[in-house]
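One-letter residues, chain by chain:
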Amino acid sequence: MMNRPLGLAITGLGIALAVAAGLWASGFVVDRDGTAQAPVRTSGTALVGGPFELVDHTGAPVTNADFRGRHMLIFFGFTYCPDVCPTELQVMSAALDRLGDEAEAVQPLFITVDPERDTPAAMAGYIRHFHPSLRGLSGTPDQIDAVAKAYRVYYRKVQDGSSATDYLMDHSAVVYLMGPDGTFLTHFAPGTGPDEMADKIATYLAG
Ligand code: NI
């Protein structure tokens, strides 16, 4: 017979294991240095993507429907990111450069996971450093939460304690390629080079 505290502890462990297994199964394998690895499953791709309502870097409202007919190359991150985000956005930009005129069929999007600091104005200042066609999308915390869920993007504020505005975000660092109808086509893991990214996008553009 089990005493009560031990029983509770075992129940708690069971729940923790079930949650961990669930996170693993859903593809959210998190790397603590801010380069969380998101969905790497090859099945169930229909689960990635969906409708969104956001605000672009000019302050104009945008929805997924605005990008119908074009491929979307999407990366989620934040402008204060010390290295992963700028690196991935540079790779996306370089891949689009390599595609030349073909890149006109692709709309690159940078969606913030830090809407508190990444206002449209902040996004506008930041995206200037990358491909000229890049659009920066922000929104209310609820809107960002919804789009991140739709794209299976994990993100979490990491407070370092020094001040309320001094923090980093842990987040998935995967680049998504979506089709002209908004469906998921493929993703690129962090560290993918621009040549590989451009080649793969070209195969999808060629249909
Ligand atoms: Ni980042």
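Structure: above.
The following refers to the structure shown. (Residues numbered from 1 in each chain as written. Predicted model: local features only at pLDDT ≥ 70, side-chain atom pairs only at ≥ 80, totals over all residues. Heavy atoms only, no water.)

## Some remarks on the coordination of the nickel ion
Protein ligation of the nickel ion involves Cys81 (SG), Cys85 (SG) and His171 (NE2), the donor distances falling in the range 2.1 to 2.3 Å. Each donor residue of the nickel ion belongs to the same chain, with the gaps between them written as C-x3-C-x85-H. Here cysteine 81 falls in the buried class, since its relative accessible area comes to 9%. (Donors = N, O, S within 2.8 Å, 3.2 Å for Na, K, Ca; no water. Buried < 20%, exposed > 50% of the residue type's maximum accessible area, 1.4 Å probe, protein only.)

## Section: the side chain of serine 138
Within the fold, serine 138 resides in strand β5 (residues 135-138). Of the polar contacts made by the side chain of serine 138, one reaches the backbone oxygen of aspartate 118; its length is 2.7 Å. Apart from the residues within four sequence positions on either side, serine 138 is in contact with Leu54, Val55, Thr112, Pro115, Asp118, Met123 and Ile144. (Helix = DSSP H or I, 4+ residues; strand = E, 2+ residues; numbered from the N terminus. Polar contact = N/O pair within 3.5 Å; in protein donor to acceptor, adjacent residues only side chain to side chain. Contact = heavy atoms within 4.5 Å.)

## Some words on the pattern of salt bridges
The final tally for this structure, using the stated rule, is six salt bridges. Linking arginine 98 and aspartate 195 is a salt bridge whose minimum nitrogen-to-oxygen distance equals 2.4 Å. On the criterion of sequence distance, the pair formed by arginine 98 in helix α2 (residues 84-99) and aspartate 195 in helix α5 (residues 194-205) is long-range, its members being 97 residues apart. With relative accessibility at 46%, the residue aspartate 195 sits in the partly exposed group. One salt bridge connects glutamate 116 with lysine 157, and the closest N-O pair in it is separated by 2.9 Å. (Salt bridge = Lys/Arg side-chain N within 4 Å of Asp/Glu carboxyl O.)

## Looking at the nonpolar core
Formed by 51 residues in total, the largest nonpolar core has its most connected members in Leu73, Ile74, Phe76, Tyr151, Tyr176 and Met197. At eight residues, the largest contribution of residues to this core is made by α2. (Core = buried A, V, L, I, M, F, W, Y, C linked by side-chain atoms within 4.5 Å.)

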